[in-house]
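What the coordinates show
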Amino acid sequence: MNKKPITADYLLMKKHLLFIILLLFSFGTIAQNRQQQMVDSLLVKIREFHQQAEFVPQLETSLKALEIANSSKYDTGIAKAHFFAADALVNIGLFKEGFKHLKSIESTEYYNENVLMQTEIHWVRGRTYLKLGLPQQAIREFYLQLACTKHLENKMHQKRTNLNTYANLITAFDQLEQLDSMQKYCQFQLEYLSDFDKKEEKYMYLGLYNALGDLYTRKRDFGKAEYYLNQSLELIEKFNISIFYNTYTFLGNLEEKKLKPEKALYYYEKGLANAKDVGNREEIRKDYKFLADYCRTYKLGNEKTKEYELAYVLLNDSLEEENRKMIDVVLNQVLNEKDKESEAKVSKSVRISIFTLLLLLVAISFFVWRSRHNRKILDQKQEALQETEIINKELTEQIGENKFNNLIELAKSNNPEFLALFTELYPDFIQALKSRDSNLRSTELEFCAMAFLNFSTKNIAEYTFVTVRAVQVRKNRLRKKFDIPSDADFNNWMRGLADYSDQAQGIG
């Protein structure tokens, strides 16, 4: 049988087909390169937000970069966008969502090949555990970070990373009250810092001198404590350091240990003044609360005590409202991102179908393509619908789980979100308190809430950073306000108040 000769029309059609394939491939490559450039440009902006501690725009831009990186399969961009999104979420306080982004990084090739990224993930996890008041878990992450750092090729970068890790380990052992371990890593820092210029690393030196001053104050070695804190003061003056409120706080602690409350107050108030100068509202709020309790404990004047109490309440209410608004904005961004992920899967399927359609128009008849394409689109829509339902179900479960455990952790860490979550879980108890006295301050509500949760006097003093005596004084004041019998257990009376409120509602 003779073969049919290759005609000119056949050769022309083959050339056209190859041209179309090459053209589509070229367009795809150009589009992919352009998207990668967009991601790199966004990452530059993200680093600027990170340096300025603007976490909401950092998160928003990171999620945008992540969306583009995923669509172009830009592995490096995916890893870095996940990292900065995790960092922003952790700093805002959404720890669970932050950990999810860190977990996603581990599936990228960039993570497996880049030691620096591995060290930074351990760093973020460790800092998160410190924020949650879990120092043992934090120490584990910092040890893993030190192990990764050994493989960094740049020795100076390795030393700088170790310096930061030692500083975090000092904080972790501080939470555990393990002073000898604190001293060990302070000594490591001193040795490493000798390789760095003091002016360039002035804040690292300042943090170390402050830590040593605090350490020796707690060891009651006042001579060494004064030496290192004076080193801090000299550093502040020599290099014109603008943020130094921690130094004055440690000086105040030293004078308090030396039984000089008036001189301690002088240093505490200087620290507050610096916090005001640099605009650190969180530090100002903490100082107001501390100074109110301090003045009351050492009887340094009722007017001064009331002044700090009022300032704390006003600033605390303002910051709590701002934090609630910020959390709402961020949660909306997280939910929107999940919706976009679902839409992106459908959109990607549509783009693939269009590309397939162009090839099929050349290769096969319209009717064959039509039947296959419709069937594929239907399957994709069903898959996308199922994935959306699963995501929505997971979100619902995440919102409701572990609220009580979160409440206890918030109380232990003296987190301002404690009262809001307690009110959500025990609204009847809060209403019962307010029905007895509608002018109760938020600090009094927090105190009663801790009693309701059956925290001991010692626990309340530890978690709110006041003395046991200050807690006892506050209990006595509330006993008078609520006419609690002297022979009644304070915590049991608070829990009974909630039971009485339930019975009253049932009778009504």
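Check the entry above for the structure.
Notes on the structure in this doc start here.

Side note on the packing of helix 3 (residues 75-92) against helix 6 (residues 115-131)
Two elements in contact, helix 3 and helix 6, have axes whose closest approach is 10 Å; the angle formed by their N-to-C orientations is 15°. Taken together, the axes of helix 3 and helix 6 are roughly parallel relative to one another. Once helix 3 is placed against helix 6, the crossing between them reads as left-handed. Only Met-117, Glu-120, Ile-121, Trp-123, Val-124, Thr-128 and Lys-131 of helix 6 make contact with helix 3, whose side of the interface consists of Ala-79, Lys-80, Phe-83, Asp-87, Val-90 and Asn-91. Among the residues forming the contact of helix 3 with helix 6, the class breakdown is seven nonpolar, two polar and four charged.

As for the packing of aromatic side chains
With the rule as written, the count across this model stands at 28 aromatic pairs. Pairing Tyr-185 with Phe-188 gives two aromatic rings, centres 5.4 Å apart and planes at 85°, and the pair type is edge-to-face. Of this pair, Tyr-185 and Phe-188 both sit in helix 9 (residues 179-193), three residues apart, roughly one helical turn. Taking the relative accessible area as the measure of exposure, Tyr-185 reaches 5% and is therefore buried. By relative accessible area, which is 28% here, Phe-188 ends up partly exposed. Here the aromatic residues Tyr-166, Phe-173, Tyr-185, Phe-188 and Tyr-192 are joined through ring pairs into a cluster of three or more.

Topic: empty space enclosed by the protein
Inspection of the entire model under this criterion finds three cavities of 30 Å³ or more. In this model, the largest cavity occupies a volume close to 100 Å³. If you trace the largest cavity, you find 13 residues lining it, with Asn-414, Glu-446, Phe-447, Met-450 and Thr-464 closest to the centre. Secondary structure elements with two or more residues in the lining of the largest cavity: helix 17 (403-412) and helix 20 (442-452). For the lining of the largest cavity, the residue count by class is six nonpolar, four polar and three charged. Taken as a whole, the second largest cavity holds about 80 Å³ of empty space. Lys-289, Ala-292, Asp-293, Arg-296, Glu-309, Tyr-312, Val-313, Arg-441, Thr-443 and Arg-474 are the residues that line the second largest cavity. Taken together, the elements giving at least two residues each to the lining of the second largest cavity come down to helix 14 (281-297) and helix 15 (302-363). Tallying contributions element by element places helix 14 first for the lining of the second largest cavity, with four residues.

Considerations on the nonpolar core
Core analysis: the largest hydrophobic core is formed by 40 residues, its most contacted members being Leu-169, Leu-212 and Leu-235. When residues of this core are traced back to their parent elements, those giving at least two are helix 6, helix 7 (135-149), helix 8 (155-175), helix 9, helix 10 (202-218), helix 11 (222-238) and helix 12 (245-257). Looking at this core, the element that brings in the most residues is helix 10, giving nine residues. The contact partners of Leu-212, leaving out residues within four places of it in the chain, are Cys-186, Leu-190 and Tyr-228. Core analysis: the second largest hydrophobic core is formed by 35 residues, Ile-408, Leu-445, Val-471 and Phe-490 among them.

So, how was this worked out
Residues numbered from 1 in each chain as written. Predicted model: local features only at pLDDT ≥ 70, side-chain atom pairs only at ≥ 80, totals over all residues. Heavy atoms only, no water. Axes fitted to C-alpha atoms, helices over the stretch in contact; angles between N-to-C directions. Helix = DSSP H or I, 4+ residues; strand = E, 2+ residues; numbered from the N terminus. Parallel < 35°, antiparallel > 145°, perpendicular 65-115°, else oblique. Left-handed = near helix turned anticlockwise from the far one by under 90°. Contact = heavy atoms within 4.5 Å. Nonpolar A, V, L, I, M, F, W, Y, C, P; charged D, E, K, R; others polar. Phe/Tyr/Trp six-rings, centres within 6.5 Å; stacked < 30°, edge-to-face > 60°. Buried < 20%, exposed > 50% of the residue type's maximum accessible area, 1.4 Å probe, protein only. 1 Å grid on protein atoms, 1.4 Å probe; cavity = no way out; pocket = protein on both sides within 12 Å on 5 of 7 lines; lining within 4 Å. Points joined across faces, edges and corners; volume = space filled by probe spheres on them. Core = buried A, V, L, I, M, F, W, Y, C linked by side-chain atoms within 4.5 Å.

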